[in-house]
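Examination of the molecular architecture
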Amino acid sequence: MEEDWTSNAIITPIVKYEYVRIDIHNKMAEVNVIDQKLQNIVMKLFIDIDKYEIKKTGSLENYPLDEGELIDSIIGNIKYFIKEGISKP
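A brief look at the structure comes next. Everything numeric here is computed off the predicted structure, so don't read it as measured data.

Each value, and the rule that gives it
- Residues numbered from 1 in each chain as written.
- Predicted model: local features only at pLDDT ≥ 70, side-chain atom pairs only at ≥ 80, totals over all residues.
- Heavy atoms only, no water.
- Salt bridge = Lys/Arg side-chain N within 4 Å of Asp/Glu carboxyl O.
- Buried < 20%, exposed > 50% of the residue type's maximum accessible area, 1.4 Å probe, protein only.
- Helix = DSSP H or I, 4+ residues; strand = E, 2+ residues; numbered from the N terminus.
- Expected span 1.5 Å × (residues − 1).
- Arc of directions from axis to C-beta.
- Contact = heavy atoms within 4.5 Å.
- Polar contact = N/O pair within 3.5 Å; in protein donor to acceptor, adjacent residues only side chain to side chain.

The final tally for this structure, using the stated rule, is three salt bridges. Between Lys-16 and Glu-18 there is a salt bridge whose closest N-O contact spans 3.0 Å. Its relative accessible area of 25% is what places Glu-18 among the partly exposed residues. Put simply, Glu-30 and Arg-21 hold a salt bridge, and the shortest N to O gap is 2.3 Å.

A few words now on helix α1 (residues 67–84). With 18 residues, α1 ought to run about 26 Å at 1.5 Å a step, and its terminal C-alpha atoms sit 26 Å apart, in line with that. By the burial criterion, the buried members of α1 are Leu-70, Ile-71, Ile-74, Ile-75, Ile-78, Phe-81 and Ile-82. When α1 is viewed along its axis, its buried side chains cluster within an angular range of 135° and face the same direction. Summarising the geometry of α1, the exposed residues directed more than 90 degrees from the buried face are Glu-69 and Lys-83. Residues of α1 that are buried sit in contact with β1 (15–23), β2 (28–35), β3 (41–48) and β4 (53–58). Between a side-chain oxygen at the N-terminus of α1 and the backbone nitrogen of Gly-68 the separation is 2.9 Å; the capping residue is Asp-66. Looking one or two residues past α1, Gly-85 carries a phi angle of roughly 75°, positive in sign.

Okay, structure coming up:
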């Protein structure tokens, strides 16, 4: 038997990252991860691409997200921005 039904769900991100500052010449970046609902900074990342050093303050321990995967995703974006010469994404 075939059923016809539709459901709608509103999907909003839990966190977003903003206030990205990129030093293209030195291949470094600073990123703030923001709680989308509360609009406060929950984690700051200071990334050195050449040394693959990440200094972090805060965490995502109270969020249902994989912190490592999010950081890897951010690093991938930073590498792209540096490659393309984008200092203010």
